[in-house]
Structure formats: structure tokens, C-alpha cells
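# Remarks on the overall topology
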Amino acid sequence: MTRCFLSRLFLALLLVLGFWIHASALDRLKLATTTSTENSGLLKQLHPVFEKKYLVSVHTISVGTGKALRLGQNGDVDVVLVHAKKAEDLFMASGYGARRRAVMYNDFVIVGPPSDPAGVFKTFDVSEALLQIKNSKSLWFSRGDDSGTHKKEMELWRDAGVGVFGSWYRALGQGMGRTLMAADEKSGYTLTDRGTYIALVANRKVSLKIQGPRGERLHNPYSVIAVNPKRHPHVKIDLAVKYIDFLTSGEGQDIIRDFRLMGKQLFYPNAKTPR
């Protein structure tokens, strides 16, 4: 019995060692991306297919768009997947990006408590909705983290003519998931990408409701950008290009289109859209 046990133990050790050698031998792509792509669960659908197809592992760093672009600027990652067009334009114009493609889009939404203390549920203009929240001194929770969502929020407040915030405004310096849960706990409002919101509702982490505003001003496009090897020769540009080609291929776009939670589509593929 002891000999049998030792044989099985030896076989198990060989299997573990073989797996470790295989995993360590895989080439690794470093990706910096937004919390929305991670929190929504989309990457868990995309990456296993890509990894199997190219025998590569993807190391994902999930942060706000501002930090993701800084990681790319510093050469700490090979590719970024972000959603802040003006910041992306500057990244490319400064020579930090080598290749940029549109990938998908969804939209931003204002969410708040079902009781809607600011009375914005039937307000279809986003500036008017924000002014009603401010004037009613309803709690507003901001990510405050230089993410794509935070950049969009600041743009919307500026468009509404609001530059001074009172005690009703809470800047958290947190990701989208934590910001949504804070707003839910305190019956406040916040701006979120639709994908993360649906994911948290599906997991019963928040009971916030989408309020009224819609329209082009809340459009939320995502781009994938390879870090420029002329700036950072060590980046794995070949892998980055393969990743970009996969996301924008028919296969990658189909995965994005078919990804749903609670029967709702979270992202819409748009690889044919120029960036």
C-alpha cells in the first residue's frame, strides 16, 4: 500500500511539475485595461480563447484609463485597452502608441436610488439632471481616480456649468465597482458605464436604478493600443499586434457581441469604426 501511495504521489508531482514547466514556458502579454472590462466579466470570455489560440498567457492590470495609459507610457505593459478618446489622442500624438484600433462601445448612465430624491428619472438632458442633483444636494459619488469614467464625469459637470462642489459630492479615488456599492449603500447617485452596472446588478451587489438621460454625450467607445517599441524596445509588439488583431477579428467581435448578463448585451463591437 505504501509503494502504491508513493507511486501515486510521484505521478501527481510529475503532473504538477509538467503543468508548471508548461505555464512558465508560455509567453506572457502584459495588458493594462479599465476596471469596466474586468468587472463586467468580458475578459474572462475573451482571454481563454486568445491564450489557447496563440499559446500565450495574458497578465491583466485592471486600473482606471489614466493609470493604464501611464503604464503604457512608462513601458510597463505591452498593450492597453481603454476608453477616453482625448487622452488616447494625446498618447498617440506623443509617440507612446504604435497601433490603435476601435474595439467596442457601450454608454455611460446616471444611476441612483429607486426613490430618486433629485427627481431626475424623467429628465432626458444630462446637464439638467446633474443640476437637479446638485441643487437638491443629493449625494453624488465620483470615482475621482482619473479613469475614463471620471474624465467623462468632469466633462459633463463642466458642460452643466458646475465647477464648485459641496459636501454632497464625494470623490472616492476608487474603481467603478466600489463606487457603485458606496452610492448604493448611501442612497446616492453616480455615473457608471452600463457594463459594470449590469454586472453588479446581476450579482445582486447594488439595487441602484438607471435614471433618465440618454444620448450621444454619454457614448462610451473603447480602443486597444499597442505600446510603441520605438519608445520601449522591450515591449512585445508581436504579441500586442496579435491581441489587437484578435479583438478586432470576426471571432473576437462575436465574443464581445454575444457576451450578456441577465439577457442584456453589455458591449457592442465596432472594430470597423476609425479611431
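These notes cover the structure that comes with them. (Residues numbered from 1 in each chain as written. Predicted model: local features only at pLDDT ≥ 70, side-chain atom pairs only at ≥ 80, totals over all residues. Heavy atoms only, no water.)

The number of helices and strands found in the chain is 11 helices and 12 strands. Overall, the C-alpha framework of the chain stretches about 75 × 55 × 35 Å when taken along its three principal axes. Of all 275 residues assigned to the chain, the portion counted as buried reaches 48%. Restricting the contact set of the chain to residue pairs at least 6 apart, pairs at least 24 apart contribute 75%. Counting only carbon and sulfur atoms, one obtains 55% of the accessible surface of the chain, whose full area is about 13700 Å². Considering the chain, the positive charge centre built from 39 side chains and the negative charge centre built from 25 side chains are found 3 Å apart. (Helix = DSSP H or I, 4+ residues; strand = E, 2+ residues; numbered from the N terminus. Buried < 20%, exposed > 50% of the residue type's maximum accessible area, 1.4 Å probe, protein only. Contact = heavy atoms within 4.5 Å. Areas by Shrake-Rupley, 256 points an atom, 1.4 Å probe, with all protein chains shown as cover. Lys, Arg positive; Asp, Glu negative; His and termini not counted. Charge placed at Lys NZ, Arg CZ, Asp CG, Glu CD.)

What follows concerns helix H10 (residues 237–248). Spacing of three or four residues puts side chains on the same side of an α-helix, whose turn is 3.6 residues. Taking 1.5 Å per residue as the helical rise, H10 with its 12 residues ought to reach 16 Å, and the 16 Å between its terminal C-alpha atoms agrees with that figure. Turning to H10, its buried residues number three or more, namely Leu239, Ala240, Tyr243, Ile244, Phe246, Leu247 and Thr248. (Expected span 1.5 Å × (residues − 1).)

Right, let's get into the pattern of salt bridges. Under the defined criterion, the tally for this structure stands at 15 salt bridges. A salt bridge links aspartate 89 to arginine 100; the nearest nitrogen and oxygen atoms lie 2.8 Å apart. Residue aspartate 89 is located in helix H5 (residues 85–93), and its partner arginine 100 is located in strand E4 (residues 97–112); the two are separated by 11 residues in the primary sequence. On the accessibility criterion, arginine 100 (16% relative accessible area) is buried. The closest approach of N and O atoms between glutamate 155 and lysine 152, which form a salt bridge, is 3.3 Å. With glutamate 155 and lysine 152 both in helix H7 (residues 148–159) and three residues apart, the pair spans about one turn of that helix. Here the residues in one salt-bridge network are Lys85, Glu88, Asp89 and Arg100, joined through shared partners. (Salt bridge = Lys/Arg side-chain N within 4 Å of Asp/Glu carboxyl O.)

One pass over the full model with this rule turns up 13 aromatic pairs. Taking 5.8 Å as the distance between ring centres and 85 degrees as the angle between the ring planes, the aromatic pair formed by tryptophan 168 and tyrosine 169 counts as edge-to-face. By the burial criterion, tryptophan 168 is buried, and tyrosine 169 matches it. Ring geometry for tyrosine 222 against phenylalanine 267: centres 5.6 Å apart, planes inclined by 80 degrees, an arrangement best described as edge-to-face. Taken as a pair, tyrosine 222 in strand E9 (residues 219–227) and phenylalanine 267 in the loop between strand E11 (264–265) and strand E12 (268–269) lie far apart in primary sequence, 45 residues in all. Joined through ring pairs, the aromatic side chains of Trp140, Trp157, Phe165, Trp168 and Tyr169 make up one cluster. Arginine 231 extends its terminal NZ or CZ atom over the ring of tyrosine 96, reaching a point 4.4 Å from the ring centre. (Phe/Tyr/Trp six-rings, centres within 6.5 Å; stacked < 30°, edge-to-face > 60°. Lys NZ or Arg CZ within 6 Å of the ring centre and 35° of its normal.)

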